[in-house]
Amino acid sequence: MKTIFRNILFLLSLLIALTVSSCKDDLPEEITELITDRLFSPVGVEAKVINKTQVVLNWTKNSKAESYVIEVYENDSLTFTGTPVMTFNITNDDIPDTIKSGLIGATQYSVRIKAVGSEITESKWSAVYFKTGEEQIMNAVSEASVSAHSATLTWKAGETATKIILTGGQSTVEHLVTADEIAAGEATVSGLNEDTDYSAKLMKDDKIRGTATFTTKIDLSAENTVVVHPEEDLVAAIQAAASGSRIVLVASDAGNEFLKSAGQSIDIDKSISIRGYLKSNKPILHMQFRMTAENASLTVKDVILNGQSDADMRDHLVQLTQSVACGDILFKDCIITNYNKSLISGASGIAVSVKSFTMQNCKVSNILTNSADCIDVRSGCIENATLLNSTFYNCAPARDFFRLDDAASSFPDKTTFITVNRCTFSKVSNDVARRLLYVRFANNQISFTNNVVANSVGYYTNQTVTNVTFNKNNYYNAPNYLVYTGTALNVKTDDSGTYLQQNPGFVDEANGDLTITNAALLEQGIGANISW
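Definitions and limits used
Residues numbered from 1 in each chain as written. Predicted model: local features only at pLDDT ≥ 70, side-chain atom pairs only at ≥ 80, totals over all residues. Heavy atoms only, no water. Phe/Tyr/Trp six-rings, centres within 6.5 Å; stacked < 30°, edge-to-face > 60°. Helix = DSSP H or I, 4+ residues; strand = E, 2+ residues; numbered from the N terminus. Buried < 20%, exposed > 50% of the residue type's maximum accessible area, 1.4 Å probe, protein only. Lys NZ or Arg CZ within 6 Å of the ring centre and 35° of its normal. Pairing = 2+ DSSP bridges. pLDDT = per-residue confidence, 0-100. Contact = heavy atoms within 4.5 Å. Core = buried A, V, L, I, M, F, W, Y, C linked by side-chain atoms within 4.5 Å. Axes fitted to C-alpha atoms, helices over the stretch in contact; angles between N-to-C directions. Disulfide = S-S within 2.5 Å. Polar contact = N/O pair within 3.5 Å; in protein donor to acceptor, adjacent residues only side chain to side chain. Salt bridge = Lys/Arg side-chain N within 4 Å of Asp/Glu carboxyl O.

1. Considerations on the packing of aromatic side chains
For step 1, the next point in the chain: Considering all chains together, one arrives at 19 aromatic pairs under this definition.
For step 2, the next point in the chain: When the ring of F448 is compared with that of Y460, the centres are 5.3 Å apart and the planes differ by 75°; the resulting orientation is edge-to-face. Placement of F448 in strand β37 (residues 444–449) and of Y460 in the loop between β38 (452–454) and β39 (468–471) is noted, with a sequence separation of 12 residues between them.
For step 3, the next point in the chain: Where Y460 meets F470, the ring centres are 4.5 Å apart and the plane angle is 40°; that geometry is what we call tilted. Highlighted residues: Y460 in the loop between β38 and β39 and F470 in strand β39, separated in sequence by 10 residues. Both residues of the pair, Y460 and F470, belong to the buried class.
For step 4, the next point in the chain: Among the aromatic residues, ring-to-ring pairing joins F392, F401, F402, F425, F448, Y460, F470, Y475, Y481 and Y499 into one connected group.
For step 5, the next point in the chain: A cation over an aromatic ring shows up here: R112 above the ring of W125, its NZ or CZ 4.4 Å from the ring centre.
For step 6, the next point in the chain: Over the ring of W532 we find K363, and its NZ or CZ is 4.6 Å from the ring centre.

Structural data, given as structure tokens:
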């Protein structure tokens, strides 16, 4: 029985071996290459926009493709209708390929790509689309290229444009760009208003190709414009000017400095503005202003105000001397330095009101507050006090920065509104007993936002009536503004929960240059960022 079983197993094994051998002989050869009658379409196609108006095209290389045809369609979303704006060929060695020129900003493009070889049918198209960023081909506008009523605008020569749109205030001017202007990359636009901030847009049809901003110069021949040179009598010119006049300080062979030998205090009894003619060469004025009459108003722009003359140092930038209702007081794009006592002062017993006191885009330093405070009104009322995008260095070094005493009984219907936004303070109220916001005027609302407070051992306030809101401020080496460790009562600190504690990276704090280099603060709009 066992012998029969072994024989059966032997016969089965032999049968299986013969069967497998027979099947192996019938198998085709191993497939090591796929042969087709046309090239495969490009795969893995990507388009990555760089530098706003350039694009990197990439896909998987095909070793059988001798070249690729690329077509680019403008204002298209994979429809590929009409005529391509560019067609070109590349090889595998060129992948990834960058289109560096010829694309317009803020425009959607479609790209299609096919592979081409010899003795084989070309591939079908593969496609991708992308949108370019808003481009900037305009150059910054120089002061020398601007007059009172015209401006010369430039961009990369040869770049196509159809028109320039300029907007200033309520006025809009359109200039159609010519072929010669395109070739030169330059166009002069006239018919502009004097002393006006303009924004310019370089257009190609409805697409913005670039933007620029500038301010037209003052028309020195305009009505109510009084031109004064350093060798002339500025005080007499101000006194003689009609209300509403504009005093323009213009450099001459005598230089660009006014009242240097002996600083002056000038009474302002009307509405007057004092302007520097060139932003790039601000005149230096050694002067103190005294507001002396009802509705007196003052605007100072593009001027360096230096309280230190050859003879002495002026006490105040602005002094309120009479119990009257003054108008608006504005300092814009100014450098203000070297005053013995204060930026604005109203002494006890002078029931004066000021409609508004504003400092915007100013660099302020060395307001020494000897026997005074920096913004110091004892018996009066500033209805609106506004500090915007300005720096304050060594101001009230050992005194209060804001001091607004309670004069509400003289002004029962008035509220003091204080706005401090995007300002930088260093070595301000730098004394453990001194306050940045010593506000006792009964009705007050204070907004303190996006500011940097640095290098100060002072604190905000210990007045229960001080009504202040904090948001997104940064503190550096200024501990008591967050956690007060002194002995005063009723101290208010920044408990907003939105504050930062970063080093601003001042360019030259020791010399009053509070330019911030900290990228995080700049990105979030915290602290002053003065661009003039």
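Let's pick the thread back up.
2. Quick word on the sheet that holds strand β19 (residues 284–285)
For step 1, the next point in the chain: On the basis of which strands lie adjacent, the open sheet formed by nine strands has the order β16-β19-β22-β25-β28-β32-β35-β38-β40 and parallel pairing. Strand pairing shows two members of the sheet lacking a second neighbour, β16 (257–258) and β40 (474–476), which therefore form its edges.

3. Here we look at the confidence of the model for the protein chain
For step 1, the next point in the chain: Looking at the protein chain, pLDDT values average 93 and 93% of them are 70 or higher.
For step 2, the next point in the chain: Per-residue pLDDT stays below 50 along residues 1–5; that stretch engages in zero contacts with residues further than four places along the chain or on separate chains.
For step 3, the next point in the chain: Across residues 14–24, confidence stays below pLDDT 50; counting only partners more than four residues off in sequence or on other chains, it has zero contacts.

4. Notes on the pairing of strand β12 (residues 197–204)
For step 1, the next point in the chain: Both strand β9 (residues 163–168) and β12 contribute to a ladder of five bridges, which runs antiparallel. Counterpart to I165 in the pairing with β12 is K201.
For step 2, the next point in the chain: Relative to strand β13 (residues 207–215), β12 runs antiparallel, the two being bridged by eight bridges. Paired with L202 across the two strands is G210, which belongs to β13.

5. Let's talk about the nonpolar core
For step 1, the next point in the chain: Among the nonpolar cores identified, the biggest contains 72 residues, and F289 and F331 are the most heavily contacted of them.
For step 2, the next point in the chain: A total of four residues in this core trace back to one element, the largest contributor, which is helix α3 (residues 234–240).
For step 3, the next point in the chain: Every residue in contact with F289, bar those within four places of it in the chain, is listed here: I266, I268, I274, L298, V300, L305, L317, V318, Q319 and F331.

6. A look at the sheet that holds strand β1 (residues 46–50)
For step 1, the next point in the chain: Taken in spatial order, the three strands line up as β1-β2-β5 in an open sheet, and their pairing is antiparallel. In this open sheet, the two edge strands, each paired with only one partner strand, are β1 and β5 (97–99). Strand-to-strand twist in this sheet, taken as the mean axis angle between neighbours without regard to direction, amounts to 25°.

7. Details of the pairing of strand β25 (residues 335–339)
For step 1, the next point in the chain: Most of β25 is tucked away: four of the five residues are buried.
For step 2, the next point in the chain: Summarising the sheet, strand β22 (residues 304–306) and β25 pair through three bridges and their orientation is parallel. Residue pairing in the sheet places N306 in a bridge with T337 of β25.
For step 3, the next point in the chain: Bridge analysis of β25 against strand β28 (residues 363–367) gives four bridges, and the strand direction is parallel. In the sheet register, I335 faces β28, and the bridge partner there is K363.

8. A word on the side chain of D333
For step 1, the next point in the chain: Locating D333 in the fold gives a position in the loop between β24 (325–332) and β25.
For step 2, the next point in the chain: Assessed through its relative accessible area of 7%, D333 is described here as buried.
For step 3, the next point in the chain: Apart from the residues lying within four places of it in its own chain, the contact partners of D333 are K279, K282, K301, D302, V303, Q360, N361, C362 and W532.

9. Notes on the state of the cysteines
For step 1, the next point in the chain: With the rule as written, the count across this model stands at zero disulfides.
For step 2, the next point in the chain: Here C381 stays free of any disulfide, with the sulfur of C326 as its closest cysteine sulfur at 12 Å.
For step 3, the next point in the chain: Under the relative-accessibility criterion, C381 is labelled buried at 1%.

10. Re the side chain of T225
For step 1, the next point in the chain: With respect to the element layout, T225 can be found in strand β14 (residues 225–228).
For step 2, the next point in the chain: At 2.8 Å, the side chain of T225 and the side chain of R246 are in polar contact.
For step 3, the next point in the chain: Filtering out sequence-adjacent residues up to four positions away, T225 remains in contact with I218, D219, L220, R246 and V248.

11. Quick word on the pattern of salt bridges
For step 1, the next point in the chain: Throughout the structure, instances matching the rule amount to 27 salt bridges.
For step 2, the next point in the chain: With a closest N to O distance of 2.8 Å, E122 and K114 form a salt bridge.
For step 3, the next point in the chain: K114 gets classed as buried once you look at its relative accessible area, which sits at 13%.
For step 4, the next point in the chain: Salt-bridge contacts for D376 lead to R378; the nearest nitrogen and oxygen are separated by 2.5 Å. Here D376 and R378 have matching classes, each one buried.
For step 5, the next point in the chain: Connected through salt bridges with shared partners, the residues D373, D376, R378, R399, R403, D405 and R440 form a single ionic network.

12. Quick word on the environment of N430
For step 1, the next point in the chain: Structurally, the position occupied by N430 is in the loop between β35 (424–426) and β36 (437–439).
For step 2, the next point in the chain: Classification of N430 as partly exposed rests on a relative accessible area of 32%.
For step 3, the next point in the chain: In this structure the C-alpha to C-alpha distance between N430 and G380, which are 50 residues apart in sequence, comes to 26 Å.
For step 4, the next point in the chain: In this structure, N430 is in contact with A396, P397, N455, S456 and V457, ignoring residues within four places of it in sequence.

13. Some thoughts on unusual backbone geometry
Most peptide bonds take the trans form, and the phi angle of most residues other than glycine is negative.
For step 1, the next point in the chain: For the peptide bond that leads from I95 to P96, omega is -5°, which places it in the cis range.
For step 2, the next point in the chain: With respect to the helices and strands, P96 occurs in the loop between β4 (86–90) and β5.
For step 3, the next point in the chain: Residue K52 is not a glycine yet carries a positive backbone phi of 70°.
For step 4, the next point in the chain: Take K52: it is sitting in the loop between β1 and β2 (54–58).
For step 5, the next point in the chain: For K52, a relative accessible area of 45% gives the class partly exposed.
For step 6, the next point in the chain: Look at D333: it is not a glycine, yet its phi comes out positive at around 55°.

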